[in-house]
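Now for the letters of each chain:
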Amino acid sequence: MEQRGDVFARIELVPSDPFAAPVEDSLALVQVPVLLGRDEQGRDLVRDWASEAHMAIQGVTRSGKSRFVYGFLGQLASSPLVTVAGCDPTGLLWRPFAGSRHAPWQVSGLADIDAHEALLTRLVVDMDARIAGLPAGRDTLAVSEAEPLRLVVFEELVGLYGPPMRCRRTPGAGCGR
């Protein structure tokens with residue numbers, strides 16, 4: 001062991017290789033295929049969303065972003081292994097989800113900024129509970145209908161920055177309180 005400043009490194013030797021045997025990846029067992037489009041040869045471009053971690057969709061106005069997102073979310077929302085959640089200050093994205101099992105995980109518009117904060121707090125609490133429930137040595141969650149994959153969408157995220165900042169500077173300035 002070598003001291004580096006006030007910090008020590010602890011080294012533990014184990015009698016066998018912990019990676020000698022394959023480790024079951026519960027996410028690899030779950031498949032949530034999504035059609036993304038077609039390639040140059042006209043073949044379907046399909047990805048298993050359960051193996052993805054992050055995605056950003058960006059482009060200029062009228063380039064088809066919203067159309068793509070509606071198709072993408074519609075496919076995922078049909079799977080009982082996925083909950084589509086998030087914030088949409090425009091009030092448009094979640095309209096097709098009204099009354100669905102996803103609706104309690106979604107907030108639309110800017111009339112109630114506190115609802116966005118409450119949803120984000122709920123998502124963090126949910127994430128913390130899931131992390132706390134992970135078995136030792138695992139960093140992936142076993143996805144099931146009881147514990148679905150949470151797809152969190154932030155539509156037009158910058159739209160959430162303006163009103164909350166204005167509310168902090170000028171309480172009561174159309175803040176939904």
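Computed from a predicted structure; not experimentally measured. (Residues numbered from 1 in each chain as written. Predicted model: local features only at pLDDT ≥ 70, side-chain atom pairs only at ≥ 80, totals over all residues. Heavy atoms only, no water.)

### Some points on the packing of aromatic side chains
Here comes step 1: Scanning all chains against the criterion turns up two aromatic pairs.
Here comes step 2: Ring geometry for tryptophan 94 and phenylalanine 97: centres 5.4 Å apart, planes at 75°, overall edge-to-face. The residues tryptophan 94 and phenylalanine 97 share a single accessibility class, namely buried.
Here comes step 3: We note arginine 122 situated over the ring of tryptophan 105; from NZ or CZ to the ring centre the distance is 3.5 Å. (Phe/Tyr/Trp six-rings, centres within 6.5 Å; stacked < 30°, edge-to-face > 60°. Buried < 20%, exposed > 50% of the residue type's maximum accessible area, 1.4 Å probe, protein only. Lys NZ or Arg CZ within 6 Å of the ring centre and 35° of its normal.)

### Looking at the sheet that holds strand E3 (residues 82-88)
Here comes step 1: With parallel pairing, the three strands of this open sheet are ordered in space as E4-E3-E5. Two strands close off the open sheet at either side, each with one partner strand: strand E4 (106-108) and strand E5 (149-154). Ignoring which end each strand starts from, the neighbouring axes of this sheet average 25° apart.
Here comes step 2: Sheet analysis places E3 next to E5, joined by six bridges and oriented parallel. Each residue of the ladder has a partner; that of glycine 86, found in E5, is valine 153.
Here comes step 3: Sheet strands in contact with helix H2 (residues 65-77) are E3 and E5, and its direction is about 160° off that of E5. (Pairing = 2+ DSSP bridges. Helix = DSSP H or I, 4+ residues; strand = E, 2+ residues; numbered from the N terminus. Axes fitted to C-alpha atoms, helices over the stretch in contact; angles between N-to-C directions. Contact = heavy atoms within 4.5 Å.)

### Regarding the environment of alanine 56
Here comes step 1: Its place among the elements puts alanine 56 in the loop between strand E2 (44-48) and H2.
Here comes step 2: For the pair alanine 56 and phenylalanine 154, spaced 98 residues apart in sequence, the C-alpha separation works out to 9.9 Å.

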